[in-house]
Amino acid sequence: QFGRTEVIDNTLNPDFVRKFIMDYFFEERENLRFDFYDVDSKSPNLSKHDFLGQMFCTLGEIVGSQGSRLEKSIVGIPGKKCGTVIVTAEELGCCRDSVLMQFCANKLDKKDFFGKSDPFLVFHRSNEDGSFTICHKTEVVKNTLNPVWQAFKISVRALCNGDYDRTIKVEVYDWDRDGSHDFIGEFTTSYRELSRGQSQFNVYEVINPKKKGKKKKYVNSGTVTLLSFLIETEVSFLDYIKGGTQINFTVAIDFTASNGNPSQPTSLHYMNPYQLNAYGMALKAVGEIIQDYDSDKMFPALGFGARLPPDGRVSHEFALNGNPQNPYCHGIDGVMEAYYRSLKSVQLYGPTNFAPVINHVARYAASVKDGSQYFVLLIVTDGVISDMAQTKESIVNASKLPMSIIIVGVGPAEFDAMEELDGDVVRISSRGRFAERDIVQFVPFRDYIDRSGNHVLSMARLAKDVLAEIPEQFLSYMRVRGIKPSPAPPPYTPPIHVLQTQI
């Protein structure tokens, strides 16, 4: 149990206020269950209250819904309509901002016997217990009582832990070579005050308490002025998803003869009635997570390296559902069904060519470069690539497009060539041109097989590793293109229930 909402008395249309903070991982399937109860007494024991039903979903489903708002039926009491629940998610955003600030000072106290002072500023944020933690030092400006410091960038989290009214203490020092810097004075402010920008509110008197105590006529030890204050918000993967960017998922399956005869138990394509084969596990593991981010849940599924009926021609990009005009399958279950159907009708052949399926997805990606769609191609293969030069060329071209490629290697083969395509160590190149960004993630499935034979665990591990790089690859495309997230749709407001009174 993760938490409970507050109890709202005597209503069938409650609008709960309590929020729950959860860690979100794009690459993991995070299953949630909401249970609803009618509270009859003060007892914390749920069995003492009436069960009204439950709702199952994943965190990705909520986040991936339009405006991150999911509406779903409540189920669990046979033969009874249990109503619906609306769940909304928002990313905790107050701490993703950074600030660019610049300060100058006037008429600071002269501390050096021979020349003027060499001033620098030290910023401290206050902690809950009243103590202070240093969070930034400016550079030293030599030999002046009227310094202008360079602008600096600091995250709002570092400056005030996201609390806009928390005290920020700024000390002014005169730098000394031996490290015994002389204290000139200090002042306090807050993020909220600073955010007013350059104004009369942001001119601060620098006070030295010792001097103030000793000298009756003491006014200050100079002033510090804020010259500029600029807020920069770091946009996240979720900002784009919330703004409606769809992730399109395409599957490509290796039907080359090296996989072995599908009717034999030794084959990687063996259709075991009791459990998924390696291809099925890889498809399901990755697909079940990505499908939460695709509103129509229609996925093109392609095969390569097979001879097709009726004439036995070899194809490196055929539709698994047998319909080249419309290769879309409904949901991951539809993809699995089309995969099994193809195994019965096509003849495994060769060679292992990747370029055609990469180019197939690249054609779609090239037609929508405005950030409204992003394409992920999952290639599941048993082995050695035959068209390495063409594949590299395709990947270098695709690195300019809104797409990522995931390659899962199944079976015992050597996958050295695949490691080369995964540009983590050396950026991939073709004919002297380097890929604009790293868009390939390769993993051998054998590294994820759970020793105890727990397939659920194997699949979860695989998905976690394979998908972890996608949000960063996605953001790198958007940043390079200067594409900002679309604004999220307005938040949902529940309809007002009119209370009818009898007269």
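Residues numbered from 1 in each chain as written. Predicted model: local features only at pLDDT ≥ 70, side-chain atom pairs only at ≥ 80, totals over all residues. Heavy atoms only, no water.

- Going by an unreviewed UniProt entry, the protein chain carries the name CPNE8 protein and comes from Menura novaehollandiae.
- Looking at the Sequence similarities (unreviewed entry) heading of the UniProt record, one finds this comment for the protein chain: "Belongs to the copine family." (UniProt positions renumbered as here; feature names shortened; annotations may be inferred.)

### Side note on the UniProt feature "domain: C2" (unreviewed entry) in the protein chain
Item 1. In the UniProt entry, the feature "domain: C2" (unreviewed entry) is given for residues 1-72 and 81-204.
Item 2. Spanning residues 1-72, this segment combines 8% helix with 29% strand, and its end C-alpha atoms are found 20 Å apart. (Helix = DSSP H or I, 4+ residues; strand = E, 2+ residues; numbered from the N terminus.)

### Quick notes on the packing of aromatic side chains
Item 1. All chains considered together, the criterion is met by 22 aromatic pairs.
Item 2. Ring centres 5.7 Å apart and planes at 75° place the aromatic pair F304 and F354 in the edge-to-face group. Of this pair, F304 sits in strand 14 (residues 298-304) while F354 sits in the loop between strand 19 (347-348) and helix 8 (355-367), and the two are 50 residues apart along the sequence.
Item 3. Joined through ring pairs, the aromatic side chains of F26, F237, Y240, Y293, Y374 and F474 make up one cluster.
Item 4. A cation over an aromatic ring shows up here: R196 above the ring of F201, its NZ or CZ 4.1 Å from the ring centre.
Item 5. In this arrangement the basic side chain of R307 is found over the ring face of Y349, its NZ or CZ atom lying 4.7 Å from the centre. (Phe/Tyr/Trp six-rings, centres within 6.5 Å; stacked < 30°, edge-to-face > 60°. Lys NZ or Arg CZ within 6 Å of the ring centre and 35° of its normal.)

### Looking at the sheet that holds strand 9 (residues 167-174)
Item 1. Strand order in the open sheet formed by 4 strands is 7-6-9-10, with antiparallel pairing between adjacent strands. Each end of this open sheet is capped by a strand with a single partner; those strands are strand 7 (132-137) and strand 10 (182-190). The sheet shows a mean angle of 30° between the axes of neighbouring strands, taken without regard to direction.
Item 2. The sheet contact formed by strand 6 (residues 119-126) and strand 7 spans 5 bridges and is antiparallel. Counted as the bridge partner of R125 is T133 from strand 7. (Pairing = 2+ DSSP bridges. Axes fitted to C-alpha atoms, helices over the stretch in contact; angles between N-to-C directions.)

### Focus: a nonpolar patch on the surface
Item 1. Together, F2, F20 and M22 line one region of the surface with nonpolar side chains, adding up to about 300 Å² of accessible area.
Item 2. As for its position among the elements, F2 is in the segment before strand 1 (31-38).
Item 3. Since its relative accessible area comes to 55%, F2 is described here as exposed. (Patch = residues over 30% accessible without salt bridge, like charges linked within 9 Å, V, L, I, M, F, W, Y side chains within 5 Å. Areas by Shrake-Rupley, 256 points an atom, 1.4 Å probe, with all protein chains shown as cover. Salt bridge = Lys/Arg side-chain N within 4 Å of Asp/Glu carboxyl O. Buried < 20%, exposed > 50% of the residue type's maximum accessible area, 1.4 Å probe, protein only.)

### Some details on the packing of helix 6 (residues 278-290) against helix 11 (residues 455-467)
Item 1. Running from N to C, helix 6 and helix 11 cross one another at 60°; their axes reach a closest spacing of 9 Å. One way to sum up the angle between helix 6 and helix 11 is to call them oblique. In this structure, helix 6 crosses over helix 11, and the sense of that crossing is right-handed. Residues M281, A282, K284, A285, V286, I289 and I290 of helix 6 form the contact with helix 11, whose participating residues are H455, M459, L462, A463, V466 and L467.
Item 2. Here the contact of helix 6 with helix 11 is composed, by residue class, of 11 nonpolar, 1 polar and 1 charged. (Parallel < 35°, antiparallel > 145°, perpendicular 65-115°, else oblique. Left-handed = near helix turned anticlockwise from the far one by under 90°. Contact = heavy atoms within 4.5 Å. Nonpolar A, V, L, I, M, F, W, Y, C, P; charged D, E, K, R; others polar.)

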